Amino acid sequence: MYPDRVVSGMRPTGSMHLGHFHGALKNWIKMQSELPCLFFVADWHALTTHYDDPTIIERSAWEMLIDWLAAGVDPSQATLFIQSKVPEHAELHLLLSMATPLGWLERVPTYKDQIDNLSSKDLATYGFLGYPLLQAADVLIYRASQVPVGDDQVPHIEMMREIARRFNHLYGKEKGFEEKAQDAVKKLGSKRAKLYNELRTEYQQDGKDDALEQAKAMLDDAQSLSMIDRERLFGYLEGSRKLILVEPQARLTASPRLPGLDGRKMSKSYSNAIALREDKDVVAKKVRTMPTDPARVRRTDVGDPAKCPVWQFHEVYSDLATKEWVVKGCKSAGIGCIECKQPVIDAIVKEQEPMHERAQQYLDDPSLVRAIVADGNDVARKLAQETMRDVREAMGLAYS
Ligand code: TRP
Ligand code: SF4
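Reading guide: rules and limits
Residues numbered from 1 in each chain as written. Chains lettered and ligands numbered in written order. Predicted model: local features only at pLDDT ≥ 70, side-chain atom pairs only at ≥ 80, totals over all residues. Heavy atoms only, no water. Helix = DSSP H or I, 4+ residues; strand = E, 2+ residues; numbered from the N terminus. Expected span 1.5 Å × (residues − 1). Buried < 20%, exposed > 50% of the residue type's maximum accessible area, 1.4 Å probe, protein only. Arc of directions from axis to C-beta. Contact = heavy atoms within 4.5 Å. Domains from an automatic or database assignment. Salt bridge = Lys/Arg side-chain N within 4 Å of Asp/Glu carboxyl O.

With that out of the way, let us pick up helix α12 (residues 209–220). End to end, α12 covers 17 Å across 12 residues, agreeing with the expected 16 Å (1.5 Å per residue, within 8%). For α12, the full list of buried residues reads A211, L212, A215, M218 and L219. Mapping the buried residues of α12 onto a view down its axis gives an arc of 125°, with all of them on the same face. Residues of α12 that are exposed and angled more than 90 degrees away from the buried face: D210 and D220. Contacts made by the buried residues of α12 are with α11 (190–206) and α13 (227–238).

In terms of domains, the chain is made up of domain 1 (6–171 + 250–256 + 366–394), domain 2 (177–238) and domain 3 (277–364). Using C-alpha coordinates to define each centre, domain 2 is positioned 59 Å away from domain 3.

Right, let's talk about the pattern of salt bridges for a bit. Inspection of the entire model under this criterion finds 18 salt bridges. D151 is the partner of R257 in a salt bridge, and the nearest nitrogen-oxygen pair spans 2.9 Å. Taken together, the residues R257 in the loop between β5 (249–252) and α14 (280–288) and D151 in the loop between β4 (146–149) and α9 (154–171) connect sequence positions 106 residues apart. Here R257 falls in the exposed class, since its relative accessible area comes to 53%. Across the salt bridge formed by R165 and E247, the nearest N and O atoms sit 3.1 Å from each other. In this pair, R165 is assigned in helix α9 and E247 in the loop between α13 and β5, connecting sequence segments 82 residues apart. Residue R165 is classed as buried on the basis of its relative accessible area of 10%.

Here's what the structure looks like:
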C-alpha cells in the first residue's frame, strides 16, 4: 500500500569509528542503492543522555555527517537530514505518547541497562524513558518498511511495530466494516465469540502473535460461518482498518561485529576505538599495541587466535588464505604477533584511503555539507507532513 522506504538514525555524541562503519554504515551504503533511504542525525536522542552537556551535539553532528559522506553515503541517492529540523517527529512523539502504556517503555531492555551502565548520569528522566517512543516516531512518520540497525536495537523495532499496530487499531476505523464484523462475531455463538474477542484484543493491543494463530485456527473449524463472514473475521482480527502507520522490519547487518582494540565493544569512551578517518600512522600504532593472547609472552610461546582480539580483526578484514596463515602460525609460534598484525593494518589503511579522499572536499568547503542537509531537511519534512495530516485527522485534530 505504501512504497518501501528505509529510515535510520545515529546519535551525534562523538566522532565515528570503525565499529560504526562495520556495524551500521556499511549496511546503509548497501541499502541506499536498493531503496529510497532517509538517514538522519538523531540530535534529540543525543540530548536524552547528554542533556547536561549539549555543546558537543552540534559539532558532533557536522563531523558525523562528514564521516557518513566519507564512508560512502551518497547524497544523490539517500536523503540526509537532522532530526530537530523536522519538528513533526516531536508532534508524532507527543501524540503517540497518549496511548502508549508505561510498561511498554519500562520493559525495553536498553532502558534498565543504560541506567545501570551510565550510573554517573541521572537518567531517571521523562525524556530518557521516552527514547524508544521518539525512535518509533522517527520511523513511523515516514511509513518506513525497513530499519537498518544493530542487534541491540531490535527490541526498539519490535516496540515500534506494536505502537503502529495499536495506533491503527485505535484510530484507523472505517465506516460500516466494524458493524458487519461484529455481527459475524455473534454468529460464532457466545462461547467462541467471547474467545475471539479476547484473542483479538491480545493480538492487537499487546502484539501477541500466538493469540492471532489461535484465533485463526478457531475460525478454521467454525463450520457455521459463511465464506464472507469468515473473511470478515479474519480481516477484523488483523485490523482491517485503514493502515495509517506502517509496521517496520529490522534489517540487521550481515558482517561480523568489529570489536574494540581490547576485545570489548568498540567505543570512544573505552579508548579502544579506531576513528573512521584515523591518520594511517595512528592506525599502525594502535594495532601494533593491541593486546594479544596473553599466553604468548615470548615469541616462542604458542598462542590461540580464539583468545586474541587481533583474530577478530582478521575475521573482518582478512581473506581465507591469510586467516589460515594466522591460525597455523599462531598455534605453532611460526609467526610473531607484530607479523600477524601487519595484514590488518594494511587492510584498514586501504579501507580508509577512499574515505580520506571523499572527506577532503567537505573539509575544504563545509558549505557543501550544509547544502546537502538543507535539501534533505526539506525532502524529509514534506514526507513527514503528509503523514501528520493523516495522523491528525485520524485523532480528531483536523479542524477543517
Ligand atoms: N537509537 C538509535 C541508536 O542508538 C538511534 C536512532 C534514533 C535510530 N532514532 C532512530 C535508529 C530511528 C534507527 C531508526 O543507535
Ligand atoms: Fe593474536 Fe596473531 Fe599473536 Fe596469535 S599471532 S596471539 S592471533 S596477534
